[in-house]
Amino acid sequence: SGDQLLALADLAAEHGADLRVTRQQNFVLTNVRADDVERASLRLAGIGYPLDANPLRAGSVACTGEPHCNFSVTETKTRLDTLIDGLEERFGTRAAALRLHLDGCPHACGQHWVGDLGFQGTTVRDAEGKRRQAYDVLLRGALGPKAAIGRPVFRRVPTEELDETVERLVAAWLEGRAGRESFRAYCDRTTDDELGALIGREPARPRR
């Protein structure tokens, strides 16, 4: 919030520190004197940024989305926060290494193509023909030495079904992985049909 940003600026000025932002929408408070670290940490927690937060939050990103972007057709930041809340409640820190990237449209400002779990906002019609918010779920995306563009494996998942869909995917990975196998590696060796059977949802078929 604006109040939090002002409080962060005051904190940085008080400690003679620098405040930097990252492309993951995080911030780094640098050049804090060693004898000020504990006091600065307590102040950060008071502002709403405890240092012991689940790393899942630092590795996840969402675009601006509704209601501030004319291109977005779905919620983004609030939707991602709800997803993370559910994963934290069910899995604690067991899913901390995951990177969730959520976008409200195909423009990919939140880079949904390269997340462990990518989400692109779309719409779906209900039984009465009315449009409602939905998401395509992309898997097998990554950055780094094994970079890859994720592909939509589950299309037009209604927003009210998204949390359960994601939690089932994560549960399947945690229960079926070999040792400390990553989510990406697990998805690479598991077919779309197998993933669909595990979570009870029909996977998308490649467009010809």
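Every chain begins its residue count from 1, and numbering advances along the sequence as written. At least 70 in pLDDT is required for a residue's local features to be given in this predicted model, at least 80 for side-chain atom pairs to be given and counted, and no such filter applies to totals for whole chains, interfaces and linings, which use all residues. Side-chain calculation: all heavy atoms of the structure are included, whereas hydrogens and water are not.

1. Regarding the pattern of salt bridges
Here is step 1 of the chain: We count a salt bridge whenever a side-chain nitrogen from Lys or Arg sits within 4 Å of a carboxyl oxygen from Asp or Glu. Scanning all chains against the criterion turns up 21 salt bridges.
Here is step 2 of the chain: Here Arg-201 makes a salt bridge to Glu-161, at a shortest N to O gap of 2.4 Å. With Arg-201 in the segment after α7 (192-199) and Glu-161 in helix α5 (residues 159-176), this residue pair connects regions lying 40 residues apart in the sequence.
Here is step 3 of the chain: Owing to a relative accessible area of 31%, Glu-161 belongs among the partly exposed residues under this scheme.
Here is step 4 of the chain: One salt bridge in this structure joins Arg-205 and Asp-193, with 2.8 Å as the shortest N-O distance. Residue Arg-205 is found in the segment after α7, and its partner Asp-193 is found in helix α7; the two are separated by 12 residues along the sequence. The helix and strand labels rest on DSSP assignments: H or I over at least four residues marks a helix, E over at least two residues marks a strand, and numbering proceeds from the N terminus. Here's how the labels work: a residue is buried when its accessible area is under 20% of the maximum for its type, exposed when over 50%, partly exposed in between, all with a 1.4 Å probe on protein chains only.

2. Describing the side chain of Ser-72
Here is step 1 of the chain: Tracing the backbone shows Ser-72 in the loop between β3 (61-62) and α4 (77-91).
Here is step 2 of the chain: Its relative accessible area of 8% is what places Ser-72 among the buried residues.
Here is step 3 of the chain: Polar contact is the term for a pair of N or O atoms within 3.5 Å; when the atoms are in protein, one must be able to donate a hydrogen and the other to accept it, and sequence-neighboring residues count only if both atoms are side-chain atoms. At 2.8 Å, the side chain of Ser-72 and the backbone oxygen of Thr-74 are in polar contact.

3. Describing the packing of aromatic side chains
Here is step 1 of the chain: Stacked, edge-to-face and tilted labels apply to pairs of Phe, Tyr and Trp rings (six-membered ring for Trp) whose centres lie within 6.5 Å, assigned for plane angles under 30 degrees, over 60, and everything in between, in that order. One pass over the full model with this rule turns up 2 aromatic pairs.
Here is step 2 of the chain: Taking the centre distance of 5.1 Å and the plane angle of 90° together, the rings of Phe-27 and Tyr-49 count as edge-to-face. With Phe-27 in strand β2 (residues 27-30) and Tyr-49 in the loop between α2 (37-47) and α3 (55-58), the pair connects residues that are 22 residues apart, well separated along the chain.
Here is step 3 of the chain: Under the relative-accessibility criterion, Phe-27 is labelled partly exposed at 26%.
Here is step 4 of the chain: Taking 5.6 Å as the distance between ring centres and 90° as the angle between the ring planes, the aromatic pair formed by Trp-173 and Phe-183 counts as edge-to-face. Of the two residues, Trp-173 sits in helix α5 while Phe-183 sits in helix α6 (residues 183-188), which places them 10 residues apart along the sequence.
Here is step 5 of the chain: The exposure class of Trp-173 is buried, given its relative accessible area of 3%.
Here is step 6 of the chain: Since its relative accessible area comes to 3%, Phe-183 is described here as buried.
Here is step 7 of the chain: Charge-over-ring placement is defined geometrically: NZ (Lys) or CZ (Arg) within 6 Å of the ring centre, and within 35 degrees of the ring normal. Seen from the ring of Trp-173, Arg-177 lies directly overhead, with NZ or CZ sitting 5.0 Å from the centre.

Just distances and angles here, no functional claims.
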